[in-house]
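Listed below, chain by chain, are the residues.
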Amino acid sequence: MELGARDERIYDLVNSWSPRARLLLFLIPIATMYQIWILMYKFFDLVAVFPEKYFVLFDWIQFTNVRLGGLLIILFLLFFKKGAVADIIFADPPDKHLKKVESVRKRTLIYFSIMAAYGLAFQIVFFNLGYLSSPFEFKHGFYNYLSLAILAPISEEAQNRFLALYIITSFWGRTAGVVISSLLFGLSHDYGIIGIFQMTLVGALLALITMRYGSLLPAILIHSINNTAVALRPF
């Protein structure tokens, strides 16, 4: 695949880092792969030694990856170098029909508002169908909704469609970047063989969308729309 003009800024940003820095940052998406931790746990026979720690470990991975990771990524990107990095990876998707928003913080706020409005629309529909006693009732908890629908999409897209995709691309080219980053995304979801295959395909689609528009925002929005439907299901 040839480098597209629309995501040259992201590619140039990552390529400006030293090879050592890129390799170190590549460990972030690697660390979120459940399968690696499972294999290590079983290889060292830690299940027999610390059976009660087995599931605590995965709760910790989920907390750091989705909840804490998502929040830290938002704060870091918006304030690091006065939002210069965020301005690149959260760029306005090129569309002549859309008015450009110069401030990356306003741009991010608009996307957060879209996600929240979509979630509220879901709640209103389920309320009118009689599944909820109020549009503001969260069957699985508001914290669960915030984690899955808001923080997880930002965290996972930053890890997979920013770090993994473009770090691998900087070393071995775009095809390798799409394939390997998508596989990492699939392996970070402990859904079994079929589920991993499906999530790998989803990861490839989101990678192509990111390259097509030169911004993480479309992939984050798609990811959030999907996760919102899961987080707000009333049954």
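Just above sits the structure.
As the structure is a computational prediction, the values presented were derived from the model and not from experiment. (Residues numbered from 1 in each chain as written. Predicted model: local features only at pLDDT ≥ 70, side-chain atom pairs only at ≥ 80, totals over all residues. Heavy atoms only, no water.)

## Considerations on helix α10 (residues 192-213)
Logical step 1: A rise of 1.5 Å per residue sets the reference length of α10, with its 22 residues, at 32 Å; its end C-alpha atoms lie 31 Å apart and thus fit the reference within 8%.
Logical step 2: Buried within α10 are the following residues: Gly195, Ile196, Met199, Thr200, Gly203, Leu206, Ala207, Ile209, Thr210 and Met211. (Helix = DSSP H or I, 4+ residues; strand = E, 2+ residues; numbered from the N terminus. Expected span 1.5 Å × (residues − 1). Buried < 20%, exposed > 50% of the residue type's maximum accessible area, 1.4 Å probe, protein only.)

## Digging into the nonpolar core
Logical step 1: Among the nonpolar cores identified, the biggest contains 35 residues, and Ile89, Phe90, Phe162 and Tyr166 are the most heavily contacted of them.
Logical step 2: When contributions to this core are tallied by element, the ones reaching two or more residues are α1 (8-15), α6 (84-89), α7 (104-128), α8 (142-172), α9 (174-187), α10 and α11 (217-231).
Logical step 3: Top element by residues in this core is α8. It accounts for 11 residues.
Logical step 4: In this structure, Tyr166 is in contact with Asp7, Ile10, Tyr11, Val14, Arg161, Arg174, Thr210 and Met211, ignoring residues within four places of it in sequence. (Core = buried A, V, L, I, M, F, W, Y, C linked by side-chain atoms within 4.5 Å. Contact = heavy atoms within 4.5 Å.)

## Details of the packing of α9 against α10
The description of two packed helices rests on the angle between their axes and on the distance between the axes.
Logical step 1: With their axes 7 Å apart at the nearest point, α9 and α10 run at an angle of 135 degrees to one another. By the angle between their axes, α9 is oblique relative to α10. Crossing handedness for the pair α9 and α10: right-handed. Of the residues in α10, those in contact with Arg174, Val178, Ser182, Leu183, Phe185, Gly186 and Leu187 of α9 are Ile196, Met199, Thr200, Val202, Gly203, Ala204, Ala207, Leu208 and Met211.
Logical step 2: Here the contact of α9 with α10 is composed, by residue class, of 11 nonpolar, four polar and one charged. (Axes fitted to C-alpha atoms, helices over the stretch in contact; angles between N-to-C directions. Parallel < 35°, antiparallel > 145°, perpendicular 65-115°, else oblique. Left-handed = near helix turned anticlockwise from the far one by under 90°. Nonpolar A, V, L, I, M, F, W, Y, C, P; charged D, E, K, R; others polar.)

## Concerning the packing of aromatic side chains
Logical step 1: The tally for this structure, following the rule as stated, stands at eight aromatic pairs.
Logical step 2: Ring geometry for Trp17 against Phe162: centres 6.0 Å apart, planes inclined by 75 degrees, an arrangement best described as edge-to-face. Pair noted here: Trp17 is in the loop between α1 and α2 (19-31) and Phe162 is in helix α8, with a separation of 145 residues, a long-range link.
Logical step 3: Looking at Trp17, the relative accessible area reads 21%, which means it is partly exposed.
Logical step 4: Aromatic pair Phe138 and Phe142: ring centres 5.2 Å apart, planes at 75 degrees, arrangement edge-to-face.
Logical step 5: Through a chain of ring-to-ring contacts, three or more aromatic side chains come together here, namely Tyr118, Phe122, Phe126 and Tyr131. (Phe/Tyr/Trp six-rings, centres within 6.5 Å; stacked < 30°, edge-to-face > 60°.)

## Quick look at the environment of Leu216
Logical step 1: Tracing the chain through its elements places Leu216 in the loop between α10 and α11.
Logical step 2: Residue Leu216 is classed as buried on the basis of its relative accessible area of 1%.
Logical step 3: Between the C-alpha atoms of Leu216 and Leu206, which are 10 residues apart in sequence, the distance is 9.0 Å.
Logical step 4: Setting aside chain neighbours within four positions, we find Leu216 in contact with Ile89, Phe90, Glu157, Ala158, Arg161, Phe162 and Thr210.

## Quick word on α9
Logical step 1: Relative to the 20 Å expected for 14 residues at 1.5 Å per residue, α9 spans 20 Å between its end C-alpha atoms, a close match to the ideal helical length.
Logical step 2: For α9, every residue scored as buried is listed here: Arg174, Gly177, Val178, Ser181, Ser182, Leu184, Phe185 and Gly186.
Logical step 3: Check the buried side of α9 and you find it contacts α2, α8, α10 and α11.

## Details of the environment of Gly130
Logical step 1: Within the secondary structure, Gly130 is located in the loop between α7 and α8.
Logical step 2: A sequence separation of 104 residues divides Gly130 from Pro234, and the C-alpha atoms of the two residues are 9.9 Å apart.

## Description of a nonpolar patch on the surface
Logical step 1: Residues Leu23, Phe171, Trp172, Val179 and Ile180 make up a contiguous nonpolar surface patch of roughly 510 Å² in combined accessible area.
Logical step 2: Locating Leu23 in the fold gives a position in helix α2. (Patch = residues over 30% accessible without salt bridge, like charges linked within 9 Å, V, L, I, M, F, W, Y side chains within 5 Å. Areas by Shrake-Rupley, 256 points an atom, 1.4 Å probe, with all protein chains shown as cover. Salt bridge = Lys/Arg side-chain N within 4 Å of Asp/Glu carboxyl O.)

## Considering the pattern of salt bridges
Logical step 1: For the structure shown, the criterion picks out five salt bridges.
Logical step 2: Between Asp7 and Arg174 there is a salt bridge whose closest N-O contact spans 2.6 Å. Taken together, the residues Asp7 in the segment before α1 and Arg174 in helix α9 connect sequence positions 167 residues apart. Take Asp7 and Arg174: they sit in the same class, and that class is buried.
Logical step 3: What you see here is one network of salt bridges that share partners, running through Arg9, Asp87 and Arg107.

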